[in-house]
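One-letter residues, chain by chain:
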Amino acid sequence: MNLVAASRFAISAACAVLLLSACQSSTPSNRVLLQSTRGVLLDGVRVQDSGLDMSAFVAEMQFVYPQQSAEVVRSMMRSEFAHHEAKRLGIRLPQEAIDRTIADLEDSLLQSLGAGGDLESWSQQQHQQAWAKMRPLYRRHLADNLLYQVVLRADAIHTGRTRLWWLVSRSEEQAEAWARSLRSGRNPASMLTESLIPGPEADGSYPAIANYLPGQAGELLADAVVGQVLGPLQLPGDFTWMTGRVIEVLPAAAALPPLAVLLEDIREHPVGPLEARAWFEEMSRRYTASATFVPISAPLEAFVPIR
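Summarised in this report is the structure supplied together with it. (Residues numbered from 1 in each chain as written. Predicted model: local features only at pLDDT ≥ 70, side-chain atom pairs only at ≥ 80, totals over all residues. Heavy atoms only, no water.)

1. Let's talk about helix 11 (residues 273-286)
Operational definition: Put simply, DSSP H or I for four residues or longer makes a helix, DSSP E for two residues or longer makes a strand, and each gets a number counted from the N terminus. What a helix should span is 1.5 Å times the count of its residues minus one. Burial classification: accessible surface area is computed with a 1.4 Å probe over protein chains only, and a residue below 20% of its type maximum counts as buried, one above 50% as exposed, and the rest as partly exposed. Residues count as neighbours in contact if any of their non-hydrogen atoms are within 4.5 Å of one another.
Here helix 11 is 14 residues long and its end C-alpha atoms lie 20 Å apart, about the 20 Å a rise of 1.5 Å per residue gives. Counting buried positions along helix 11 gives 10 out of 14 residues, so the element sits mostly inside the fold. Taken together, the buried positions of helix 11 are Leu274, Glu275, Ala276, Arg277, Ala278, Trp279, Phe280, Glu282, Met283 and Ser284. Where helix 11 is buried, its residues touch helix 4 (66-89), helix 7 (131-159), strand 3 (161-169), strand 4 (209-210) and strand 6 (241-250). Thr288 occupies a position one or two residues after helix 11 and carries a positive phi of about 50°.

This is how it looks when you write it as structure tokens:
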């Protein structure tokens, strides 16, 4: 895990850890004590003999931090999808692979803290808890994140993938001009400087991606052949336009590669935004899921008597 990725993960994981920890009672006796006639109370928060109603807390978090709340929900759904997929595909991560991820995170955090920085001080400042207490929570989130990446890549291999050059523009006219140039035989590599988002591969292309991209892109990839020009098209909800040319079609694999090969593939070709979006939407269909919040509502009185 590089420094930027580690820092971003630490921030998002911190939000998730705080929210999840808030929803967990510390002891069985507390779970019995912190109840009211209205609902579940937030452990550890009280004013005299009243506790904070959990529904009020969640509604307030939704109101004050709408984006972060949505990201936490999406992250938790993603982990749930990953565990379902791991069971379906027969994938179990080795402990040493998880150990490497937490060690990499610690190294990256120490680098970001600079000379004299230490994880204990960082953890106290970030969570008001010792690193020894927070480390298992981070390890669990890292394990979920690694499992997600592995099952995502495994499912793509299992269902079939396509490798492409993608050119991305804010203008439909530009995307149409690219499509005409590609169909006339122009090398897409010569056009990459015109694209908003060049591919991450050395030649500017994109790694192989599952054929179930959203919308028209997925429909075209279902029957794609090498050399075919796709687009111009838009993914549902996007403002940018995409034009692509197929480099390679990889049919569905009869058997998955060994786990070590999958892990190495992820290290060499990290999961990209388009790949992540396609997988999440496919899993949402596969497991009949929804990531839409209900309208915000909360009791008028946030603190209620503890019974």
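2. Describing the sheet that holds strand 4
Put simply, the rule is: If DSSP finds at least two bridges between two strands, the strands pair.
Strands sit in the order 4-3-6-5 across an open sheet of 4 strands; the sheet is antiparallel. Among the strands making up the open sheet, the edge pair consists of strand 4 and strand 5 (229-233). Both strand 3 and strand 4 contribute to a ladder of 2 bridges, which runs antiparallel. Within strand 4, the residue paired with Arg161 across the bridge is Ala210.

3. What about the packing of aromatic side chains?
Formally: Whether two aromatic rings pair depends on their centres lying within 6.5 Å, for rings of Phe, Tyr and Trp, where Trp uses its six-membered ring; planes under 30 degrees apart make the pair stacked, over 60 edge-to-face, and the rest tilted.
Per the stated rule, a full pass over the model turns up 7 aromatic pairs. Between Trp122 and Tyr138, the ring centres sit 6.0 Å apart and the planes meet at 55°, which makes this aromatic pair tilted. Note that Trp122 is positioned in helix 6 (residues 119-127) and Tyr138 in helix 7, a separation of 16 residues in sequence. For Trp122, a relative accessible area of 11% puts it in the buried group.

4. Considerations on a nonpolar patch on the surface
Quick note on the threshold: Patches draw on residues past 30% relative accessible area with no salt bridge. Two like charges within 9 Å are joined, as are two nonpolar side chains (Val, Leu, Ile, Met, Phe, Trp, Tyr) within 5 Å. For the area figures, the Shrake-Rupley method with a 1.4 Å probe applies, and any residue is considered shielded solely by the protein chains shown. Salt bridges, as used here, are contacts in which a Lys or Arg side-chain nitrogen is within 4 Å of a carboxyl oxygen on Asp or Glu.
Residues Phe63, Val64, Tyr65 and Ile296 make up a contiguous nonpolar surface patch of about 420 Å² in total accessible area. Tracing the backbone shows Ile296 in the loop between helix 11 and strand 7 (303-305).

5. Side note on the pairing of strand 2 (residues 50-53)
Here strand 1 (residues 41-47) pairs with strand 2 via 3 bridges, running antiparallel. What sits directly across from Arg46, in strand 2, is Gly51. Taking the residues between adjacent antiparallel strands as the criterion, strand 1 and strand 2 are bridged by 2 residues, where Gln48 takes a positive phi near 55°. Where strand 2 and strand 7 come together, 3 bridges link them in antiparallel fashion. Opposite Gly51, over in strand 7, you have Val304 as the bridge partner.

6. Describing the pairing of strand 3
Taking burial as the measure, the 9 residues of strand 3 include 8 buried ones, the bulk of the element. Strand direction decides the pairing type here: strand 3 and strand 6, joined by 9 bridges, are antiparallel. In the strand pairing of strand 6, Leu167 is matched with Thr243.

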